[in-house]
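Descriptive analysis of the structure
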Amino acid sequence: MSEYLKDCSPYISKFVYDIDKRIIELVCVDSIDNCLPKRKITISGIQSYAEETIDDDFDDNCMDGVIGMHEMSVGRFCIHTDKKEVIVLYDGTIAATNVV
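So, here's what we can say about the structure. Chains are numbered independently. Their residues run from 1 in the order of the written sequence. At least 70 in pLDDT is required for a residue's local features to be given in this predicted model, at least 80 for side-chain atom pairs to be given and counted, and no such filter applies to totals for whole chains, interfaces and linings, which use all residues. Working from all heavy atoms in the structure, the side-chain values ignore hydrogens and water.

Observations regarding the overall build of the protein
Our working rule: Strands here are runs of E lasting at least two residues and helices are runs of H or I lasting at least four, both read from the DSSP assignment and numbered beginning at the N terminus. Here the radius of gyration uses the C-alpha set of atoms, whereas the globule reference equals 2.2 Å times the residue count to the power 0.38. Should any heavy atoms of two residues lie within 4.5 Å, those residues are considered in contact. A 1.4 Å probe and the Shrake-Rupley method give the accessible areas. Residues count as covered only by the protein chains that appear here.
On a plain count of helices and strands, the protein comes out with 0 helices and 8 strands. In sequence order, the secondary structure elements of the protein are arranged as β-β-β-β-β-β-β-β. Relative to the globule expectation of 13 Å for 100 residues, the C-alpha radius of gyration of the protein, 13 Å, shows essentially globular dimensions. With respect to the three principal axes, the spread of C-alpha positions in the protein is 35 × 35 × 25 Å. If you take every contact in the protein between residues at least 6 apart in sequence, the share linking residues at least 24 apart comes to 53%. As displayed, the protein offers around 6000 Å² of accessible surface, 48% of which is attributable to carbon and sulfur atoms.

With respect to the pattern of salt bridges
Formally: In what follows, salt bridge is the name for a side-chain nitrogen of Lys or Arg lying within 4 Å of a carboxyl oxygen of Asp or Glu.
Taken as a whole and assessed by the stated rule, the structure comprises 2 salt bridges. The salt bridge partner of lysine 14 is glutamate 25, with a shortest N-O separation of 3.0 Å. Taken together, the positions of lysine 14 in strand 1 (residues 12-18) and glutamate 25 in strand 2 (residues 23-29) put the pair 11 residues apart, joining distant regions of the chain. The residue lysine 84 makes a salt bridge to glutamate 51 at a minimum N-O spacing of 3.7 Å. With lysine 84 in strand 7 (residues 84-90) and glutamate 51 in strand 4 (residues 46-53), this pair connects stretches of sequence that are 33 residues apart.

Things to note about the sheet that holds strand 6 (residues 76-81)
To keep things clear, this is the line we draw: Any two strands are treated as partners once DSSP identifies two or more bridges connecting them. Fitting a line to C-alpha atoms yields each axis, with helices limited to the stretch in contact; the angle taken between N-to-C directions then spans 0 to 180 degrees.
The strand order across the open sheet formed by 4 strands is 4-7-6-5, and the pairing between neighbours is antiparallel. The strands lining the two open edges of the sheet, one partner per strand, are strand 4 and strand 5 (66-73). Between one strand and the next, the sheet's axes are offset by a mean angle of 15°, whatever the strand orientation. The sheet contact formed by strand 4 and strand 7 spans 7 bridges and is antiparallel. Bridging from a neighbouring strand, glutamate 52 pairs with glutamate 85 of strand 7.

Quick word on the packing of aromatic side chains
Our working rule: Paired rings are identified among Phe, Tyr and Trp, the last through its six-membered ring, by centres lying within 6.5 Å, and are further divided according to the angle between planes into stacked (under 30 degrees), edge-to-face (over 60) and tilted (the rest). Relative accessibility decides the category of a residue: with a 1.4 Å probe and only protein chains considered, values under 20% of the type maximum give buried, values over 50% give exposed, and everything between is partly exposed. Whether a charge lies above a ring is judged from NZ of Lys or CZ of Arg, which has to be within 6 Å of the ring centre and within 35 degrees of the ring normal.
Under the criterion given, the structure shown has 2 aromatic pairs. Relative to phenylalanine 77, the ring of tyrosine 4 has its centre 5.5 Å away and its plane inclined at 85°; by these criteria the two rings are edge-to-face. Taken together, the residues span a long stretch of sequence, with tyrosine 4 in the segment before strand 1 and phenylalanine 77 in strand 6 at a distance of 73 residues. Comparing tyrosine 4 with phenylalanine 77 shows no difference in burial state: the two are buried. Measuring from centroid to centroid gives 4.4 Å for tyrosine 17 and tyrosine 49, while their planes differ by 0°, and the two rings are stacked. Of this pair, tyrosine 17 sits in strand 1 while tyrosine 49 is found in strand 4, placing the two residues 32 residues apart along the sequence. Positioned above the aromatic ring of phenylalanine 15, the side-chain terminus of lysine 84 is 4.4 Å from the ring centre.

Quick look at the nonpolar core
What counts is decided by this rule: Only buried Ala, Val, Leu, Ile, Met, Phe, Trp, Tyr and Cys residues count toward a nonpolar core, and they belong to the same one when joined by side-chain atoms within 4.5 Å.
Counting 18 residues, the largest nonpolar core has Leu26, Ile43, Met69, Phe77, Ile79 and Val88 as its most contacted members. Of all elements in the fold, only strand 1, strand 2, strand 3 (37-44), strand 5, strand 6 and strand 7 reach the threshold of two or more residues within this core. The residues touching methionine 69, leaving out its near neighbours within four places in the chain, are Met1, Tyr4, Leu5, Leu26, Ile41, Phe77, Cys78 and Ile79.

What follows is the structure, given as structure tokens:
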């Protein structure tokens, strides 16, 4: 996780799966205090997307945060947040970049 969210908080400002482009965009903020977008993780070449809600007491006022993210095996990636777990199969790339 530290590789993807280097010098960034785990709090999520954007988490989108674009089925037409077959990409995931996950943007985390620099800190909970000012919530400025800091780091973007993009996963391309999504072949399969599965999402499970973990937080049954869903609170829209609570900001979601990344708990963990790792490659489970070649081409299989897991993103675990406070509210859900996402597992994707992909044949593209995972890129982590700073948001300007």
